[in-house]
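Listed below are the residues making up each chain.
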Amino acid sequence: MHRSLYFIIILFLSCNFNNNINDEIQAYYNKGNFLKIIELIKKYEYEHKKENPQLFLWKARIYSLYPESYGLAKYYYRKTLELNPFEEYYYEYTIFLIDIHDFNTIQELISGENISPSLIFQPKIGDIRNFLECRSKILDEKYFDVLSQLSFIDDLYLKNYCALLLYYNLYHKFLLKNKNNKDLNMLINLSSIEQLNNIINSNFFQQVDKDKIKQYLKDLILKYKEYNQQNILNNPSIYCSLEKHFPEFKISSLSMEKCKETFPTNLTLHRKIIYKKAIPIYSNPLFDNSLYIPVPRF
């Protein structure tokens, strides 16, 4: 056999195998069978004695499900973006970082120093940037600027997340000071604008600009309900994810168990949400072969 023909055959077989493993992984992923994906990748790397860059994204996704391997998930998402700097991967990585409450890394991820100029004005990158700005205004207690900032976010998940983050912030900063459990129970149920307006009209706020705050909260609730009513039937997965982030409020019409069953590829529903004061734990990954354990560089 001619030497060049031999290499062509080897290359064809290699590509075919790569396609086969990706197809297998995708099939298991669609069913939410994440442990089987680990098994397939482990087998592939054992047989080939090396990592396959085509599998970096899959490794990032699976590592992102377990707190003990969050550090490695970040490593493999970074490696994925180095090889495939597409905005949808930046967005997916951002959702993971939101889940583990690592907003500093999101800021670094899309900074002008770290991102390609061709990506800076991509729609999803713009939404991530505006989401960070929206969150920053909430943390700085610039509540009256948040609604205008929300209008710049097109992505439904990030828009609703920031709206609920504002609501959550006000709820804990002002409303929980009142110990009337009956009123608080009414507040938690976002399904009733009338009940919420009644609460806002009560004497919870002792601020000088009390009337302005009342009107602002009414606008916020109406704006959130507008998003909710228009999209909840068409985008139930988004509201399942938000429910997990904001369990104190009634957002999704589905139970969390039903959410996981209905949306097996929604990684947020299957990973542990890390909150402000929680620190991710870095340790060895689920893979037991040292071949799969790179040194995180972030």
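About the cut-offs
Residues numbered from 1 in each chain as written. Predicted model: local features only at pLDDT ≥ 70, side-chain atom pairs only at ≥ 80, totals over all residues. Heavy atoms only, no water. Buried < 20%, exposed > 50% of the residue type's maximum accessible area, 1.4 Å probe, protein only. Helix = DSSP H or I, 4+ residues; strand = E, 2+ residues; numbered from the N terminus. Axes fitted to C-alpha atoms, helices over the stretch in contact; angles between N-to-C directions. Parallel < 35°, antiparallel > 145°, perpendicular 65-115°, else oblique. Contact = heavy atoms within 4.5 Å. Nonpolar A, V, L, I, M, F, W, Y, C, P; charged D, E, K, R; others polar.

What about helix α3 (residues 56-63)?
Logical step 1: Extensive coverage of α3 is indicated by the burial of 8 of its 8 residues.
Logical step 2: Inspection of α3 places Phe56, Leu57, Trp58, Lys59, Ala60, Arg61, Ile62 and Tyr63 among the buried residues, and these make up the whole buried set.

A look at the environment of tyrosine 167
Logical step 1: By the element assignment, tyrosine 167 lies in helix α9 (residues 156-173).
Logical step 2: Taking relative accessible area as the criterion, tyrosine 167 reaches 8% and is therefore assigned buried.
Logical step 3: C-alpha of tyrosine 167 to C-alpha of isoleucine 138: the two residues are 29 residues apart in sequence and 9.6 Å apart in space.

Notes on the packing of helix α5 (residues 87-99) against helix α7 (residues 123-139)
Logical step 1: Where α5 contacts α7, the axes come no closer than 8 Å and their chain directions differ by 25°. Here α5 lies roughly parallel to α7, going by the angle between them. On the side of α5, the interface is formed by Glu87, Glu88, Tyr90, Tyr91, Thr94 and Ile98, while α7 contributes Pro123, Lys124, Ile125, Ile128 and Phe131.
Logical step 2: Taken together, the residues of the contact of α5 with α7 break down into 7 nonpolar, 1 polar and 3 charged.

Quick look at unusual backbone geometry
Residues other than glycine predominantly adopt negative phi, and peptide bonds predominantly adopt the trans conformation.
Logical step 1: Phi is positive for lysine 49, close to 60°, though the residue is something other than glycine.
Logical step 2: According to the relative accessible area criterion, lysine 49 is exposed, its value standing at 55%.
Logical step 3: At histidine 101, a residue that is not glycine, the phi angle is positive and equals roughly 60°.
Logical step 4: With respect to the secondary-structure elements, histidine 101 resides in the loop between α5 and α6 (103-109).
Logical step 5: On the accessibility criterion, histidine 101 (23% relative accessible area) is partly exposed.

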